[in-house]
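# Observations on the three-dimensional arrangement
Now for the letters of each chain:
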Amino acid sequence: MSPTPEPSAAAGLPQQDEERRLRELGYRPVLARRMGGFGNFAISFSVISILSGCMTLYGFGLNTGGPAVMLWGWAGVGLFVLCVGLALAEVTSAYPTSGALYYMADRLGGRRWGWYTGWLNLLGLLGAIAGIDYGAALFTGAFAQLQWGFTPTPDRTMLIFCAILLLHAVLNLFGVRVVSLLNSVSVWWHLAGVALIVGALAIVPDHHRSPSFVFTTFVNETGWSNHWYVAAIGLLLAQYTFSGYDASAHLSEETSRASVSAAKGIVRAIWVSWLAGFVLLAGLTFAIQDYDATRTTATGVPPAQILLDGLGAGGAKALLLVVIAAQLFCGNAEVAAASRMVFAFSRDGALPGSRLWRTVSRRTQTPVAAVWLSVGVAGVLALPSLYSATAYNAVTAINVIGITPAYAIPVLLRLRAGDRFRPGPWHLGRWSRPVGWVAVVWVACVTVLFCLPQSSPVTVDTMNYAAVALAAVLLLASVWWYVARRSYGTPTAAYGSDRDQAELAEGII
């Protein structure tokens, strides 16, 4: 199903043509186009981060369906997500801007479509920073417990989390070239890390689980009696991990040959993660020594217990460091993607204080204020973890419930547009409509699915707050629409047609 190139308005491909294409879409280039095709792929691969998503939610998977749902769910979800990625990549090729999803929706469906898509995308991206970096804090606490007897209390974990947020903010202020370099290192770190973890767990332990255990064992510790329901909510592990690949689109304005490179980056990040993630999940599950002890481990991180039981304290600590570094790479890439979304949304007047958030450093050509806003909001989103053990699952659900619908809206509008949609140089040809409809239906299903309660009985502590977060952001977007609808708007023609460009120039500091 390889896309067939054909001529289009964006088919020039050299960097100067990409700059011209950006001006045709209505924007003056202000970000540094210093990222290559591999770097663009690397940022989405780093944000998907199988060593973050799979490892962080592995304990969730042990309770909601167990090995069978984790392995087969990963295989099935990965196939559907690949369809979403293919469909989204096609639209990205036609509209390679930092605004990405909301800009596509605005162009194909109108201002309100763009407005709500942007707010959903923003919620998902900020929730992802919170989920990724808090997960890294949990693993760091588990390592410190093994190494120094550190007790990872909620307040201590929150302090580690804040330190990680600060680190990622500082790294992102150095410019996109540093971000691109770190993401390129991240790709090889992730792949080598998976090989190292799976190889060690395959060779060192004396005992391994049977294939029938790994691929057929169903475990239900949710309190719900309906196994189909439990299996369905167990898909969160895979769906949460397979998110964030819109990062390639958000970095379009900083990528050479973006009309092709950003589209390819999305698709490659998904299928490489799909294969490597399956190997990682299988390797961990074959190496489980005591299922209940792993599920209820005192470290708070079940994969750490698997490494500890299978490899001993020394091996477990060494591989935990590999995982923590991968999670740090992942969080850094997500801050880059979210800050570009904040910058672009502010550039079009959608956020409170847009004049501040769209400012770009003249020295590094980086949206400095947008970086600080992104990590600041992520910190606020994770605060409930101080008071509730289930709050982290709520943060991950917020990420999925925000970002996943935002992926499908541009695809749905592209299908509705029919021949009015002018494809870019990377497209799906005759497969565009069937792949697009599969993507839209899948996203509709998982959006409903992940608003459902994940454990029973449903109490204040166990409630799934994703639906509340979704309602809150839609309410906020609706209220703010009536305040900011006169200031919000993407350019309607070539650069400078409907906005005061002198005002935009003030945003370069």
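What counts and what doesn't
- Residues numbered from 1 in each chain as written.
- Predicted model: local features only at pLDDT ≥ 70, side-chain atom pairs only at ≥ 80, totals over all residues.
- Heavy atoms only, no water.
- Helix = DSSP H or I, 4+ residues; strand = E, 2+ residues; numbered from the N terminus.
- Rg over C-alpha atoms; globule rule 2.2 N^0.38 Å.
- Buried < 20%, exposed > 50% of the residue type's maximum accessible area, 1.4 Å probe, protein only.
- Areas by Shrake-Rupley, 256 points an atom, 1.4 Å probe, with all protein chains shown as cover.
- Lys, Arg positive; Asp, Glu negative; His and termini not counted.
- Charge placed at Lys NZ, Arg CZ, Asp CG, Glu CD.
- pLDDT = per-residue confidence, 0-100.
- Contact = heavy atoms within 4.5 Å.
- Disulfide = S-S within 2.5 Å.
- Axes fitted to C-alpha atoms, helices over the stretch in contact; angles between N-to-C directions.
- Parallel < 35°, antiparallel > 145°, perpendicular 65-115°, else oblique.
- Nonpolar A, V, L, I, M, F, W, Y, C, P; charged D, E, K, R; others polar.
- Salt bridge = Lys/Arg side-chain N within 4 Å of Asp/Glu carboxyl O.
- Patch = residues over 30% accessible without salt bridge, like charges linked within 9 Å, V, L, I, M, F, W, Y side chains within 5 Å.
- Core = buried A, V, L, I, M, F, W, Y, C linked by side-chain atoms within 4.5 Å.
- Phe/Tyr/Trp six-rings, centres within 6.5 Å; stacked < 30°, edge-to-face > 60°.
- Expected span 1.5 Å × (residues − 1).
- Bend = angle between axes of the 7 residues up to and from the residue.
- Left-handed = near helix turned anticlockwise from the far one by under 90°.

Each helix and strand counted, the protein has 22 helices and two strands in total. Whereas a compact globule of 509 residues would reach a radius of gyration of roughly 23 Å, the protein reaches 22 Å, a difference of no more than 12%. With the C-alpha coordinates of the protein rotated into their principal frame, the extents come out at 65 × 45 × 40 Å. Across the 509 residues of the protein, 60% fall into the buried class. In the structure as shown, the protein presents an accessible area of about 18,200 Å², 66% of it carried by carbon and sulfur atoms. Placing the 32 positive and 25 negative side-chain charges of the protein at their respective mean positions leaves the two points 8 Å apart.

Confidence along the protein averages 88 in pLDDT terms, with 91% of residues attaining 70 or more. For the stretch residues 1-13, pLDDT sits under 50, and the model shows 30 contacts to residues farther than four places along the chain or on other chains. This stretch, residues 494-506, has a pLDDT under 50; its non-local contacts, to residues over four places away or in other chains, come to 27 contacts.

Moving on, we come to the state of the cysteines. One pass over the structure, following the stated rule, counts zero disulfides. The structure places no disulfide on Cys330, whose sulfur is separated from the nearest cysteine sulfur, that of Cys54, by 11 Å.

What follows concerns the packing of helix H5 (residues 66-94) against helix H6 (residues 101-109). Where H5 meets H6, the closest approach of the two axes is 10 Å, and the angle between their N-to-C directions is 75°. It follows that H5 is roughly perpendicular to H6 by the angle criterion. Counted together, Leu88, Val91 and Thr92 of H5 and Leu101, Met104 and Leu108 of H6 form the full contact between these two elements. Residues that form the contact of H5 with H6 fall into these classes: five nonpolar, one polar and no charged.

So, on to the pattern of salt bridges. Applying the stated criterion across every chain yields a total of eight salt bridges. Measuring nitrogen to oxygen at the nearest pair gives 2.7 Å for the salt bridge that ties Arg20 to Asp17. Placement of the pair is Arg20 and Asp17 together in helix H1 (residues 15-24), with a separation of three residues, close to one helical turn. Overall, Asp17 belongs to the buried group, its relative accessible area being 17%. In this structure, Glu253 engages Arg347 in a salt bridge whose closest nitrogen and oxygen atoms are separated by 2.9 Å. Residue Glu253 is found in the loop between helix H13 (247-250) and helix H14 (258-286), and its partner Arg347 is found in helix H16 (residues 302-347); the two are separated by 94 residues along the sequence. We note that Glu253, like Arg347, is buried. Ionic contacts of the salt-bridge type, sharing partners, join the residues Asp17, Arg20, Arg21 and Glu24 into one network.

This brings us to a nonpolar patch on the surface. Side chains of Val458, Val460, Met463, Tyr465 and Val468 sit close together on the surface and give an oily, nonpolar patch of about 420 Å² of accessible area. Along the polypeptide, Val458 turns up in the loop between helix H20 (432-449) and helix H21 (466-484). Here Val458 falls in the partly exposed class, since its relative accessible area comes to 45%.

In this structure, Tyr95, Tyr245, Leu280 and Phe345 are the most contacted members of the largest nonpolar core, which totals 152 residues. Contacts of Leu280, omitting those with residues within four sequence positions, involve Ile50, Leu51, Cys54, Met55, Val194, Ile197 and Val198. Listed in part, the 11 residues of the second largest apolar core include Val47, Val179, Ala247 and Ala337.

We now examine the packing of aromatic side chains. Applying the stated criterion across every chain yields a total of 24 aromatic pairs. Arranged with centres 5.9 Å apart and planes meeting at 70°, the rings of Trp119 and Phe345 form a pair that is edge-to-face. Here the residue Trp119 occupies a position in helix H7 (residues 111-148), and Phe345 occupies one in helix H16, the gap between them amounting to 226 residues. Its relative accessible area of 8% is what places Trp119 among the buried residues. Judged by relative accessible area, which is 0%, Phe345 ranks as buried.

As a further point, take helix H8 (residues 154-172). Taking 1.5 Å per residue, 19 residues should reach 27 Å; H8 reaches 27 Å between its end C-alpha atoms and fits that length. The complete set of buried residues in H8 reads Thr157, Met158, Ile160, Phe161, Ile164, Leu165, His168, Ala169 and Asn172.

Taking 1.5 Å of rise per residue, the 46 residues of H16 would be expected to cover 68 Å, yet its terminal C-alpha atoms sit only 43 Å apart, more than 12% below that figure. The principal kink in H16, of about 130°, is found at Leu311. Among the 46 residues in H16, 37 count as buried, and that is most of the element. Directly beyond the C-terminal end of H16, a positive phi value near 75° is found at Gly349.

Looking along the chain, the bond that leaves Ser456 and enters Pro457 is cis, with omega of 0°. Positive phi values are uncommon outside glycine, yet Ser49 reaches one of about 45°. Turning to its location among the elements, Ser49 is positioned in the loop between helix H2 (37-48) and helix H3 (50-56). Classification of Ser49 by relative accessible area gives buried; the value is 0%. Of note in the backbone geometry, Arg257 takes a positive phi value of approximately 55° without being a glycine.

A few words now on the side chain of Thr285. Inspection of the secondary structure assignment puts Thr285 in helix H14. Thr285 gets classed as buried once you look at its relative accessible area, which sits at 0%. Once you skip the residues sitting within four places of it in the chain, Thr285 turns out to touch Tyr58, Pro67, Met70, Leu71, Arg209, Phe213 and Val214.

Its place among the elements puts Leu415 in helix H19 (residues 391-417). Spatially, the C-alpha atom of Leu415 lies 34 Å from that of Val377, the residues being 38 residues apart in sequence.

Next up on the list: the packing of H2 against H14. Contact pair H2 / H14: the axes reach a minimum separation of 8 Å and the direction vectors enclose 40°. Judged by the inter-axis angle, H2 sits oblique to H14. Our pair here, H2 against H14, has a crossing hand that is right-handed. Contact residues: H2 offers Gly37, Asn40, Phe41, Ser44, Phe45 and Ile48, while H14 offers Ser261, Ala262, Gly265, Arg268, Ala269, Ile270, Val272 and Ser273. Partitioning the contact of H2 with H14 into residue classes produces seven nonpolar, six polar and one charged.

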